Amino acid sequence: MKNLNRFGALIVSVGAGILIGTGLNFHNSNTTVYADQTLFSTSFETDENQTFPENDLNSRLGSSNLSNTFAPEIDGDLTNQVDQDSIKGSKDFNDSETKQNLFDSDLSTKFLSNEDQGKGIWVSFSLEKAQKVGVYALGSANDESSRDPKNWQLYGSTDGQKWESIDQQTNQKFSGRKQWKKYQVQAKKAYKYYKFQVDENNGADMTQLSELKIGTGNKDDNPGSSPMMSSTLSTGPKNAINQQNNMGWTGKKALEFKGSVAKNGHAYSHNNLINDLNIKVNRNTNLQYKIFPSNGQHDYDNNYDYEFTPMYASINLEFSDGTYLSQLKPLSTDNFTVTPQGQGSSRSLYYNQWNQITTNIGAVAAGKTIKRVMISFDDQNAKAGKTFDNFIDDIKLSNGSTGTTSAANKTDYVNTLRGTNATGDFSRGLNIPATTVPNGFNFWTPATNYNSNLVYEYQNNGDRKFQYMTVSHEPSIWVGDRGTWQFMVNTSIDSSKVSSGSDIDHTKYASDFSHENETAKPQLYSIAFPDKSNAAGAKLA
């Protein structure tokens, strides 16, 4: 270990121990470059200075043959208002059965804890704003009824410190697995903070619960049942492949739109998302967005829609002259028409995954002025009973070229991050971003997962930590690595105060990072670390 400067750059040597491209399904090769004079962008986050009307039907294009109601489990469901970062409580049993699963609206996941042999298990969370609760519901988990809650209390708080009892239950039992139990309550006031505490389960040394929902109890707070799709802000997909659930692609929020086909035939709905724009289109104006198609069944393997209903959707634009982008039929960078019909018939989108769509709208709309951003669903041959529960994130309008760039070396066209958004359960290559010579036995690679055969993850890497660079010769995740050498730079540890290995273990030196400051080529890997990170101001290459 060499101290270059006490608080300068501490190089830590560590003992041995997919996002396609950058994690999306990119509908073009990674040689495409997008220039950036941003005209408008949104990721639907709560801190944006932007108003998003919900369930706002476009009066001219309208809707037909759709219902926007997926029946809620409780009236006035507040699940989408839960601040995911506020969730805390008893220790998770493992990395997959976590407290966050209580709020994913999926009875196939659960929270499991063996802390204190399953006694006194609790979870607390906050809402975006104070709400008066009139009902709550619990969902039983998939196995072992002895782990179910038996006696519990629900609390509310205005400050997250002083808790007031809302409801108490004793001697409760579920009728089966993956079942709901609902409880009417009369909260004294509106609370922003809530806590659920299990005082006793049904005899096991672990406690589990699949779902926890609170609601206002007011039917008027439910989405109205009308012949249109719904479009609302949400916490993102609940069944994403190789990505954290209950998040947008960027940030904590995404735009959710969903509907159910009433009868066979033409089904459509065109909803307004962003109004009162005044953006001039030139010949190099581009539209880019990310879309997550799903049928809302939370079961990819057993409920795949071979009619491809969720794919018949796209972002649409209304121009000041009364025309719409969908009428002009722009082409995406992979040469598919960016209209609901064009996207659906192309069958090019990936279910339960984020897909990036980019189109040069200037090729068909130069000289027009954008008045409104919309989301459109349109399937001319829809089947009765089919559903879609899709998400949109990162809408961007910009001026610049979507043409390919030239490079002196062919290796500059390669992005070694491709295939890294993969797991043993769903592989897109199970690649690592190796930097090496052809057929080399050893190679450099970045690692985001400490002491794991799955070396590099980004979208599944919830806290976005970069662990270290390593010399590796891992042939696959099934075989693993042997005799590696690992190192990491650090600018936050005072080396004069290091007295044991625990002072410089991976929890101390792991650093925040992002793709924006990352170069991943066969001949070069480099990363610059952001301000206020453990390696702030440093760069590895």
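Residues numbered from 1 in each chain as written. Predicted model: local features only at pLDDT ≥ 70, side-chain atom pairs only at ≥ 80, totals over all residues. Heavy atoms only, no water.

Draft legend 1. Geometry of the overall build of the chain. Across its full length, the chain carries four helices and 33 strands. Taking 2.2 N^0.38 as the reference for a compact globule, 541 residues should give roughly 24 Å; the C-alpha atoms of the chain span a radius of gyration of 25 Å, in line with that estimate. Reported as C-alpha extents along the three principal axes, the dimensions of the chain are approximately 65 × 65 × 40 Å. Residues counted as buried form 52% of the 541 residues belonging to the chain. Of the accessible surface of the chain, which amounts to about 24100 Å², a share of 44% is contributed by carbon and sulfur atoms. Taking the average location of the 51 positive side-chain charges in the chain and that of its 58 negative ones, the two points are 2 Å from each other. (Helix = DSSP H or I, 4+ residues; strand = E, 2+ residues; numbered from the N terminus. Rg over C-alpha atoms; globule rule 2.2 N^0.38 Å. Buried < 20%, exposed > 50% of the residue type's maximum accessible area, 1.4 Å probe, protein only. Areas by Shrake-Rupley, 256 points an atom, 1.4 Å probe, with all protein chains shown as cover. Lys, Arg positive; Asp, Glu negative; His and termini not counted. Charge placed at Lys NZ, Arg CZ, Asp CG, Glu CD.)

Draft legend 2. How the structure looks around the nonpolar core. Counting 40 residues, the largest nonpolar core has Phe257, Tyr289, Ile315, Ile370, Ile392 and Ile395 as its most contacted members. Contributing elements (two or more residues each) for this core: strand E18 (254-261), strand E19 (265-274), strand E21 (285-292), strand E22 (313-319), strand E24 (369-382) and strand E25 (387-399). If one sorts the elements of this core by residue count, E24 sits on top with five residues. Look past the residues within four positions of Ile392 in its chain and what remains in contact with it is Phe44, Ala254, Leu255, Phe257, Tyr289, Lys290, Ile291, Ile315, Trp354 and Ile375. (Core = buried A, V, L, I, M, F, W, Y, C linked by side-chain atoms within 4.5 Å. Contact = heavy atoms within 4.5 Å.)

Draft legend 3. The arrangement of the sheet that holds strand E16 (residues 211-215) in detail. Spatially, E13-E10-E16 is the arrangement adopted by the three strands of the open sheet, whose pairing is antiparallel. Either end of the sheet is taken by a strand with one partner, and the two such strands are strand E13 (180-184) and E16. The average undirected angle you get between the axes of adjacent strands in this sheet is 15 degrees. (Pairing = 2+ DSSP bridges. Axes fitted to C-alpha atoms, helices over the stretch in contact; angles between N-to-C directions.)

Draft legend 4. Up close: the sheet that holds strand E33 (residues 539-540). As summarised here, the arrangement of the three strands in space is E31-E32-E33, forming an open sheet in which the pairing is antiparallel. In this open sheet, the two strands that pair with only one neighbour each are strand E31 (518-520) and E33. In this sheet, strand E32 (residues 525-528) lies alongside E31 in antiparallel orientation, the contact comprising three bridges. The partner of Ala520 across the bridge, within E32, is Tyr525.

Draft legend 5. Inspection of the environment of Val498 at higher detail. Its location among the elements puts Val498 in the loop between strand E29 (485-490) and helix H4 (506-509). Classification of Val498 as partly exposed rests on a relative accessible area of 23%. For the pair Val498 and Asn461, spaced 37 residues apart in sequence, the C-alpha to C-alpha distance is 28 Å. Discounting chain neighbours no more than four positions away, the residues touching Val498 are Ile493, Asp503 and Ile504.

Draft legend 6. Examining the pattern of salt bridges more closely. Applying the stated rule across the entire model yields 19 salt bridges. For Lys189, the salt bridge goes to Glu164, with nearest N and O atoms at 3.5 Å. In this pair, Lys189 is assigned in the loop between E13 and strand E14 (191-201) and Glu164 in strand E12 (residues 164-169), connecting sequence segments 25 residues apart. A salt bridge links Lys371 to Glu318, with the nearest nitrogen and oxygen atoms 3.8 Å apart. Of this pair, Lys371 sits in strand E24 while Glu318 sits in strand E22, and the two are 53 residues apart along the sequence. Since its relative accessible area comes to 36%, Lys371 is described here as partly exposed. Ionic contacts of the salt-bridge type, sharing partners, join the residues Arg60, Glu318, Lys371 and Arg372 into one network. (Salt bridge = Lys/Arg side-chain N within 4 Å of Asp/Glu carboxyl O.)

Draft legend 7. View of unusual backbone geometry. A positive phi angle is found at Asn55, which is not glycine, with a value near 50 degrees. The topology assignment puts Asn55 in the loop between strand E4 (37-42) and strand E5 (63-64). Among the residues examined, Asn55 registers a relative accessible area of 28% and is labelled partly exposed. The phi angle at Ser105 is positive, at roughly 55 degrees, despite the residue not being glycine. Mapped onto the elements of the fold, Ser105 is located in the loop between strand E7 (88-89) and strand E8 (111-113).

Draft legend 8. Summary view of empty space enclosed by the protein. Here the largest cavity defines a volume of roughly 70 Å³. In terms of lining, the largest cavity is formed by Leu102, Phe111, Ile121, Trp122, Val123, Phe196, Val198, Thr207, Gln208 and Leu209. Classifying every residue of the lining of the largest cavity by side-chain character gives eight nonpolar, two polar and no charged. (1 Å grid on protein atoms, 1.4 Å probe; cavity = no way out; pocket = protein on both sides within 12 Å on 5 of 7 lines; lining within 4 Å. Points joined across faces, edges and corners; volume = space filled by probe spheres on them. Nonpolar A, V, L, I, M, F, W, Y, C, P; charged D, E, K, R; others polar.)

Draft legend 9. Expanded view of the pairing of strand E28 (residues 468-472). Most of E28 sits out of view: four of its five residues are buried. One ladder, built from five bridges, connects strand E26 (residues 443-447) with E28; its direction is antiparallel. Within E28, the residue paired with Thr445 across the bridge is Thr470. As paired strands, E28 and E29 are joined by three bridges and run antiparallel to one another. Bridging from a neighbouring strand, Val471 pairs with Trp485 of E29.

Draft legend 10. Just the side chain of Ser90, in detail. As for its position among the elements, Ser90 is in the loop between E7 and E8. For Ser90, the contacting residues outside a window of four places in its chain are Lys99, Phe111, Ser113, Glu115, Gly120, Ile121 and Trp122.

Draft legend 11. A look at the packing of aromatic side chains. Applying the stated criterion to the full structure yields 21 aromatic pairs. Taken together, a centroid distance of 4.5 Å and an interplanar angle of 85 degrees make the contact between Tyr304 and Tyr351 edge-to-face. Residue Tyr304 is found in the loop between E21 and E22, and its partner Tyr351 is found in the loop between helix H2 (340-346) and strand E23 (355-360); the two are separated by 47 residues along the sequence. Between the aromatic rings of Tyr456 and Phe513, the centroid separation amounts to 6.4 Å while the plane-to-plane angle is 70 degrees, which identifies the pairing as edge-to-face. With a gap of 57 residues between them, Tyr456 in the loop between E26 and strand E27 (465-466) and Phe513 in the loop between strand E30 (511-512) and E31 connect regions that are remote in the sequence. Through a chain of ring-to-ring contacts, the aromatic side chains of Tyr456, Tyr458, Phe466, Phe513 and Phe529 assemble into a single cluster. Just above the ring of Trp122 sits the side chain of Lys195; from NZ or CZ to the centre is 5.9 Å. (Phe/Tyr/Trp six-rings, centres within 6.5 Å; stacked < 30°, edge-to-face > 60°. Lys NZ or Arg CZ within 6 Å of the ring centre and 35° of its normal.)

Draft legend 12. Summary view of the confidence of the model for the chain. The pLDDT averaged across the chain works out to 88; a share of 90% of its residues lies at or above 70. Scored below 50 in pLDDT, residues 1-8 makes 19 contacts in the model with residues more than four places away or belonging to other chains. Between residues 13-24, whose pLDDT stays under 50, and residues either more than four places distant or in other chains, the model counts 54 contacts. (pLDDT = per-residue confidence, 0-100.)

Draft legend 13. Looking closely at the environment of Asp505. Mapping Asp505 onto the fold places it in the loop between E29 and H4. Its relative accessible area of 27% is what places Asp505 among the partly exposed residues. Along the primary structure Asp505 and Lys91 are separated by 414 residues, whereas in three dimensions their C-alpha atoms are 22 Å apart. A polar contact of 2.6 Å, which involves the side chain of Asp505, links it to the side chain of Thr507. (Polar contact = N/O pair within 3.5 Å; in protein donor to acceptor, adjacent residues only side chain to side chain.)

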